[in-house]
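The chain contents come next:
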Amino acid sequence: MAGKRQPVVKVRLQEDLLRKLIVMSELEGRSINNQITMLARNAVAYHERAKGKLDTKAIAAVDLSEYFEEETE
């Protein structure tokens with residue numbers, strides 16, 4: 001059974017920042033992907049606490065199609 005497809009976001013980081021994130025994720029027992037996901041969740045939660053909840057209609061209207069990789073079989 002195939003899992004749910006997830007969007008893919010490529011991020012350019014300076015090498016020293018990437019190295020620090022990798023060390024941090026290893027210290028916390030996470031993959032680099034899970035570490036960055038957790039940091040993103042925390043940033044969104046902080047923004048919503050500080051400035052109010054994001055508009056659910058605006059969120060739903062975002063087109064994610066460019067962030068899905070084409071399936072290869």
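Residues numbered from 1 in each chain as written. Predicted model: local features only at pLDDT ≥ 70, side-chain atom pairs only at ≥ 80, totals over all residues. Heavy atoms only, no water.

1. Some points on a nonpolar patch on the surface
No. 1: On the surface, V9, V11, L13, L17, L18, I22, I32, I36, V62, L64 and Y67 cluster together into a nonpolar patch covering about 860 Å² of accessible area.
No. 2: Residue assignment for the nonpolar patch shows that the elements contributing at least two residues are helix 1 (15–27) and helix 2 (32–51).
No. 3: Examined against the element boundaries, I32 turns out to sit in helix 2. (Patch = residues over 30% accessible without salt bridge, like charges linked within 9 Å, V, L, I, M, F, W, Y side chains within 5 Å. Areas by Shrake-Rupley, 256 points an atom, 1.4 Å probe, with all protein chains shown as cover. Salt bridge = Lys/Arg side-chain N within 4 Å of Asp/Glu carboxyl O. Helix = DSSP H or I, 4+ residues; strand = E, 2+ residues; numbered from the N terminus.)

2. So, the packing of helix 1 against helix 2
In a pair of packed helices, the angle between the axes and the distance between the axes together describe the arrangement.
No. 1: Look at helix 1 against helix 2: their axes get within 9 Å of each other, and the N-to-C directions meet at 95°. When the axes of helix 1 and helix 2 are compared, the pair comes out roughly perpendicular. Two secondary-structure elements touch here, helix 1 through L21, I22, M24 and S25 and helix 2 through I32, Q35 and L39.
No. 2: When its residues are assigned to classes, the contact of helix 1 with helix 2 shows five nonpolar, two polar and no charged. (Axes fitted to C-alpha atoms, helices over the stretch in contact; angles between N-to-C directions. Parallel < 35°, antiparallel > 145°, perpendicular 65-115°, else oblique. Contact = heavy atoms within 4.5 Å. Nonpolar A, V, L, I, M, F, W, Y, C, P; charged D, E, K, R; others polar.)

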